[in-house]
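Notes for the structure review
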Amino acid sequence: MPENIPKTALQGESIDIVFDHSDFVVINKPVNIAVHAHDEPTLLDAVRAHFGSETIHPVHRLDLATSGLVVFAKTSDANRALCQAFAEQRVQKVYLALTTAKAKKKQGWIKGDMQKARGGSYKLLHSHHSPAITYALSFGSESEPRLWLLRPKSGKTHQLRVALKSWGAPILGDKRYGGALADRLYLHALAIKFTLGGADYAFEVKPVCGAQFIGVQAQQRLAALGNVWAQAWPKGL
């Protein structure tokens, strides 16, 4: 293995490879590890160490406390093509979240410009100059954490967390935005699909940690949803 790969990258959790292609690799990111650009060893470090290559690059990112699907490009051509697809909003994503507070709405569009607030947080504005755009669907009763499927069209920092906060229902475990205390941030990148080199790819992976995600009740609710892409999504997504 090349000596220029940091040894610290080999000391973290083993990576969960969902799909390995000659042009890209899809990883199921665990909670509390950064995708890249962090003081501590990152998922990028671990992926590069695993494949013995410094040419691998992430084409998008997840927050530190968010789990789920992350795509890494293995070649410069794939990196360029996938980054362009993300920039042009041609990559489709579905996130899974849980909330405990009663939301203002149970489904619909959440749109607005995002502005930095205190301490690294963000807030949603009423203006629409370069808005964060999310469509939200929810399921469940008020007696249990409400399950949300979230489809972002844009990719702003903290977008989904701020979106549900704006509806009065911050994500369970999201201390920054006022969510109820929990063993993790209950936000997971559940599904992703894109086209590369004329071929279509779609991936889905359920969360593997968090008592509220892996409990029998949550697993039954997830199974009952069926195909996440076949939900009552509006046109334009």
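Summarised in this report is the structure supplied together with it. Keep in mind the model is a prediction, meaning the values are calculated, not measured.

1. Remarks on the overall build of the protein chain
Helix and strand counts for the protein chain stand at 5 helices and 12 strands. The C-alpha atoms of the protein chain give a radius of gyration of 18 Å, which matches the 18 Å a tight globule of 237 residues would have. Counting only C-alpha atoms and orienting by the principal axes, one finds that the protein chain spans roughly 55 × 40 × 35 Å. Put simply, the protein chain has 237 residues, and 49% of those count as buried. Long-range contacts, defined as pairs at least 24 residues apart, comprise 62% of the intrachain contacts of the protein chain with a sequence gap of at least 6. For the protein chain, the exposed surface amounts to about 11,900 Å²; the carbon and sulfur share of it is 50%. In the protein chain, 29 positive and 19 negative side-chain charges are present, and the distance between their average locations comes to 12 Å.

2. Thoughts on the pattern of salt bridges
As enumerated under the stated definition, the model contains 9 salt bridges in all. Here lysine 206 and glutamate 204 are joined by a salt bridge, their closest N and O atoms 3.6 Å apart. What makes lysine 206 partly exposed here is its relative accessible area of 34%. Overall, glutamate 204 belongs to the partly exposed group, its relative accessible area being 36%. Linked through salt bridges whose partners overlap, the residues forming this network are Arg61, Asp63, Arg161 and Asp174.

3. Description of helix H2 (residues 76-87)
Compared with an ideal rise of 1.5 Å per residue, which puts 12 residues at 16 Å, H2 spans 16 Å between its outermost C-alpha atoms and is within 8% of the ideal. Along H2, the residues that are buried comprise Ala78, Asn79, Leu82, Ala85 and Phe86. For H2, the buried positions fall inside an angular range of 135° around the axis, keeping them on one side. The exposed residues of H2 that point more than 90 degrees off its buried face are Ser76, Asp77, Arg80 and Ala87. At the C-terminal side of H2, glutamine 89 shows a positive phi close to 60°.

4. Examining the pairing of strand E5 (residues 92-99)
In summary, the side chains of a regular strand alternate between the two faces of the sheet. For E5, the buried fraction is high: 7 of the 8 residues fall into the buried class. Two elements, E5 and strand E11 (residues 187-196), share 6 bridges in a ladder whose sense is antiparallel. Across the sheet, leucine 96 pairs through a bridge with histidine 188, a residue of E11. With 5 bridges joining them, E5 and strand E10 (residues 146-152) adopt antiparallel strand pairing. The residue of E10 that forms the bridge with leucine 96 is leucine 149.

5. Considering the nonpolar core
Val47, Phe72, Val94, Trp148, Leu149, Leu150 and Leu187 are the most contacted members of the largest nonpolar core, which totals 46 residues. Among the elements that take part in this core, E5 stands out by supplying 5 residues, more than any other.

6. Things to note about unusual backbone geometry
The phi angle of most residues is negative, glycine excepted, and most peptide bonds adopt the trans form. With a phi close to 60°, asparagine 32 is a non-glycine residue in the positive phi region. Mapped onto the fold, asparagine 32 is located in the loop between strand E2 (24-29) and helix H1 (43-51). Although it is not a glycine, histidine 158 adopts a positive phi angle of roughly 60°. Within the element layout of this structure, histidine 158 appears in the loop between E10 and helix H3 (159-166).

7. A few points about the packing of aromatic side chains
For any pair of aromatic rings, the description rests on two quantities: the centre-to-centre distance and the angle between the ring planes. Per the stated rule, a full pass over the model turns up 13 aromatic pairs. Summarising the aromatic geometry, the rings of phenylalanine 194 and phenylalanine 203 are spaced 6.2 Å apart at their centres and angled 45° between planes, so their arrangement reads as tilted. Of the two residues, phenylalanine 194 and phenylalanine 203, neither departs from the other in class, the shared state being buried. Put simply, the rings of Phe19, Phe24, Phe194, Tyr201 and Phe203 pair up and form one aromatic cluster.

8. Some thoughts on the environment of alanine 191
Take alanine 191: it is sitting in strand E11. Alanine 191 sits in the buried class, given a relative accessible area of 3%. When neighbours within four sequence positions are excluded, alanine 191 is seen to be in contact with Leu69, Gln92, Lys93, Val94, Phe203, Glu204, Val228 and Trp229.

9. Some points on the pairing of E11
The element E11 is largely enclosed, with a buried count of 8 among its 10 residues. Bridging between strand E4 (residues 67-73) and E11 involves 2 bridges; their strand directions are parallel. Bridge pairing links glycine 68 to alanine 189 in E11. Bridge count for E11 against strand E12 (residues 199-204) is 6 bridges, and the pairing is antiparallel. Directly across from alanine 191, in E12, lies its bridge partner glutamate 204. Between the antiparallel neighbours E11 and E12 lie 2 residues, among them glycine 197 with a positive phi of about 60°.

How each quantity is defined
Residues numbered from 1 in each chain as written. Predicted model: local features only at pLDDT ≥ 70, side-chain atom pairs only at ≥ 80, totals over all residues. Heavy atoms only, no water. Helix = DSSP H or I, 4+ residues; strand = E, 2+ residues; numbered from the N terminus. Rg over C-alpha atoms; globule rule 2.2 N^0.38 Å. Buried < 20%, exposed > 50% of the residue type's maximum accessible area, 1.4 Å probe, protein only. Contact = heavy atoms within 4.5 Å. Areas by Shrake-Rupley, 256 points an atom, 1.4 Å probe, with all protein chains shown as cover. Lys, Arg positive; Asp, Glu negative; His and termini not counted. Charge placed at Lys NZ, Arg CZ, Asp CG, Glu CD. Salt bridge = Lys/Arg side-chain N within 4 Å of Asp/Glu carboxyl O. Expected span 1.5 Å × (residues − 1). Arc of directions from axis to C-beta. Pairing = 2+ DSSP bridges. Core = buried A, V, L, I, M, F, W, Y, C linked by side-chain atoms within 4.5 Å. Phe/Tyr/Trp six-rings, centres within 6.5 Å; stacked < 30°, edge-to-face > 60°.

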